[in-house]
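Commentary on secondary and tertiary structure
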Amino acid sequence: MGNWIVNHGLDTFILVVWMGINIFLFVHFYLFYDLGPQFFYTRQLLGSALAWARAPAAVLNFNCMLILLPVCRNLLSLIRGSFVCCGRTMRKQLDKNLSFHKLVAYMIALMTGKHCKPVPDRYMSGNSGLTPTIFAFTTIAGLTGVVITLALILIITSSMEVIRRSYFEVFWYTHHLFIVFFAGLVFHGYGRIVRSQVTTDPPHNTTFCKDQPENWGKIPECPIPQFAGGFPQTWMWVIGPMVIYLCERLLRFVRYLQTVRYKKIVMHPSKVLELQLLKSGFKMDVGQYVFLNCPEISELEWHPFTMTSAPEEDFFTVHIRSAGDWTDRLIKMVENLPEGNGPFGTASEDVFDYEVSMLVGAGIGVTPFASILKSIWYKFKDSNPKLRTRKIYFYWLCRETHAFEWFADLLQVLEKEMEERGMRDFLIYKLYLTGWDHTHAAQVMVNFDKDTDVITGLKQKTHYGRPNWDKEFEQVRHENPSSVVGTFLCGPPALATDLERRCVKYSDVDPRKTKFYFNKENF
């Protein structure tokens, strides 16, 4: 339980607070509309539909206020990088921004479905004589409600994993229907269709008059009741986040207009393109990523790529693997470089905050760690006193031998540098080839006695198969009995789940002993 609290306590607390606010808003407004005397006559027409529609509306206001904030990347980078009060545990929450964004979206979808409960015909016939269909397409509330709902359906369905992976352009363009969604949301309440009883002089005594409508307007105690629509409130919930997001997009646009020049273009094996780029005033930290745009492919389409250069270099580098239509077209158009945007913060920025770090990359997921290892090399060359890290364990899992080629040169330089400085144990790296056949095995057997690996040319031999993570975590804990170990992954969700469980398993409740903190990259 202690280990679970260390790794998941704040996550759960934030989730409980968020859910608690949602429940409070729902219950509070349900009771307000279900018991409030000013809605007595409205309830006679609508029945329970009034409370069941207005309670979800309150929850929708709250979540629509939140939905834009997790995707304000510059704001999150500012918080994680500039505020001293933002500690390690809080920064881990910022790395889960997209997960929270999805969670809020699910709540919006759920409450929208509940909010759209059909209105009884008797209310429509008594309220200007409109049928529900005519009402939906001839009033502000009805028309904006239809637009909002259709936009939300398209946004959610196009956000499914299978569509995002296979048809990213569909996801990208339909997601921008959020502009239509928020525009409709702001004007939705101006129809003022939910009417409450207002105070008259003399006042209408509901308790006395409700059973004798024939006397309304005839006796002083029962003047004809007057009703008015409520003041629209949704805009007050969302105006702040909308302004923040607008500033975010303006900042991105300004950066988009800044000139980006190329220093070098390298085409590596296995269709991996390396771009070395220059941009005035550009600064970065290890593990950060940038969004790149190629106008000749698409004016609106942006894709994230982790920078593989070190902050000490006067340029920034990205490695782009051929993995879809956009990257394939970009590789064929390397002479037409994209404009840059960013950089944005990720979990890997925190690697130097730990005494010991475990870096795990799968496939092209090694890119943030290329930046980290380069930065370590520069810090050692300059004898940087701020280098807190004293040991790094690096694991790279790849399916094909060619994938190792572009990264092996960096490891060879580091290997030589550490050996010359007598710090061979500072960097322990293990490369795993997960896709191999008998041909590879035979080649390894023939070259078994060589000092360097037959695949990478490194002194550290390549492992075949997948790591035994229990053994690896046990070794790290044994070699670092009183350290805080940061475990960083850029790889698939299944591997993330596996490593996160082992971080909990091998962390000791005793604060004097080894603790593992899990961090994962998110785009």
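Residues numbered from 1 in each chain as written. Predicted model: local features only at pLDDT ≥ 70, side-chain atom pairs only at ≥ 80, totals over all residues. Heavy atoms only, no water.

Stated formally: UniProt positions are given in the numbering used here, feature names are shortened, and annotations may be inferred rather than shown by experiment.
As recorded by an unreviewed UniProt entry, the protein carries the name FAD-binding FR-type domain-containing protein and is attributed to Astyanax mexicanus. Turning to the protein, the UniProt record has this under Subcellular location (unreviewed entry): "Membrane". We quote the UniProt Catalytic activity (unreviewed entry) comment for the protein here in full: "NADPH + 2 O2 = 2 superoxide + NADP(+) + H(+)".

**Let's talk about the overall build of the protein**
Selection rule: Every helix listed is a DSSP run of H or I at least four residues long, and every strand listed is a run of E at least two residues long, numbered separately from the N terminus. Only protein chains enter the area calculation, which uses a 1.4 Å probe; residues under 20% of their type maximum are buried, those over 50% are exposed, and those in between are partly exposed. By definition in these notes, contact holds between two residues if any of their heavy atoms fall within 4.5 Å. Methods summary: accessible areas were calculated by the Shrake-Rupley approach with a probe of 1.4 Å, and residue burial reflects only the protein chains presented.
When helices and strands are tallied, the protein shows 20 helices and 14 strands. For the protein, the proportion of its 523 residues judged to be buried stands at 46%. Contacts in the protein between residues far apart in sequence, at least 24 positions, make up 74% of those at least 6 positions apart. With an accessible surface of roughly 26600 Å², the protein has 61% of that area assigned to carbon and sulfur atoms.

**Looking at the nonpolar core**
What counts is decided by this rule: Each nonpolar core is a collection of buried residues, namely Ala, Val, Leu, Ile, Met, Phe, Trp, Tyr and Cys, held together in the definition by side-chain atoms within 4.5 Å.
Counting 32 residues, the largest nonpolar core has Leu 359, Leu 373, Phe 394 and Phe 407 as its most contacted members. Among the secondary structure elements, those contributing two or more residues to this core are helix 16 (367–381), strand 10 (391–398), helix 17 (405–420), strand 11 (427–433) and strand 13 (484–490). When neighbours within four sequence positions are excluded, Leu 373 is seen to be in contact with Leu 359, Phe 394, Phe 407, Leu 410, Leu 411, Leu 414 and Leu 427. Within the second largest apolar cluster, 28 residues are counted, among which are Ile 67, Ile 108, Ile 148 and Phe 182.

**Digging into the side chain of Asn 293**
Note the cut-off: Pairs of N or O atoms within 3.5 Å make up the polar contacts considered here, provided that, within protein, one atom can donate a hydrogen while the other can accept it, and that residues adjacent in sequence are counted only when both atoms are side-chain atoms.
Structurally, Asn 293 is set in strand 5 (residues 289–293). Within the local environment of Asn 293, its side chain forms a polar contact with the backbone oxygen of Ser 298, the two atoms lying 2.9 Å apart.

**Examining the UniProt feature "transmembrane region" (unreviewed entry) in the protein**
Here the UniProt-annotated "transmembrane region" (unreviewed entry) positions come out as residues 12–33, 53–76, 97–114, 134–158 and 170–190. In residues 53–76, the share of helix is 75% and the share of strand is 0%. The end C-alpha atoms are 34 Å apart.

**Structural notes on unusual backbone geometry**
Following Asp 201, the chain continues into Pro 202 via a peptide bond in cis, with omega recorded as 5 degrees. Within the element layout of this structure, Pro 202 appears in the loop between strand 1 (195–198) and helix 13 (206–209).

**Looking at the environment of Trp 18**
By the secondary structure assignment, Trp 18 is in helix 1 (residues 2–35). The exposure class assigned to Trp 18 is buried, which follows from its relative accessible area of 4%. As a C-alpha pair, Trp 18 and Phe 62 span 44 residues in sequence and 9.9 Å in three-dimensional space. Those residues in contact with Trp 18, other than ones at most four positions away along the chain, are Phe 62, Asn 63, Leu 66, Phe 100, Leu 103, Val 104 and Met 107.

**Description of helix 20 (residues 493–506)**
Short version of the rule: Here the expected length of a helix is defined as 1.5 Å per residue gap, with one fewer gap than residues.
Here helix 20 spans 20 Å end to end across 14 residues, near enough to the 20 Å set by a 1.5 Å rise per residue. Leu 495, Ala 496, Leu 499, Arg 502, Cys 503, Val 504 and Tyr 506 are the residues of helix 20 that are buried.

**What about the environment of Phe 187?**
With respect to the helices and strands, the residue Phe 187 is situated in helix 12 (residues 178–188). For Phe 187, the contacting residues outside a window of four places in its chain are Ile 140 and Thr 144.

**Details of the state of the cysteines**
Disulfides are covalent bonds that link the sulfur atoms of two cysteine residues. Quick note on the threshold: Any cysteine sulfur atom paired with another within 2.5 Å is treated as part of a disulfide.
Under the counting rule described, the total for this entry stands at 1 disulfide. Counting only cysteine sulfurs, Cys 72 is the nearest neighbor of Cys 247, a cysteine outside any disulfide, at a range of 9.2 Å.

**Description of the sheet that holds strand 13**
For clarity, the cut-off: Here, a strand pair is defined by DSSP locating no fewer than two bridges between the strands. Fitted lines through C-alpha atoms give the axes, limited to the stretch in contact for helices. The angle between two N-to-C directions lies from 0 to 180 degrees.
Sheet architecture is open: 6 strands sit in the order 12-11-10-9-13-14, paired in parallel fashion. In this open sheet, the two strands that pair with only one neighbour each are strand 12 (463–464) and strand 14 (515–520). Bridge analysis of strand 10 against strand 11 gives 7 bridges, and the strand direction is parallel. The residue bridging Leu 397 from the neighbouring strand is Tyr 432, located in strand 11. Sheet strands in contact with helix 19 (residues 469–479) are strand 9 (356–362), strand 10, strand 11, strand 13 and strand 14, and its direction is about 170 degrees off that of strand 10.

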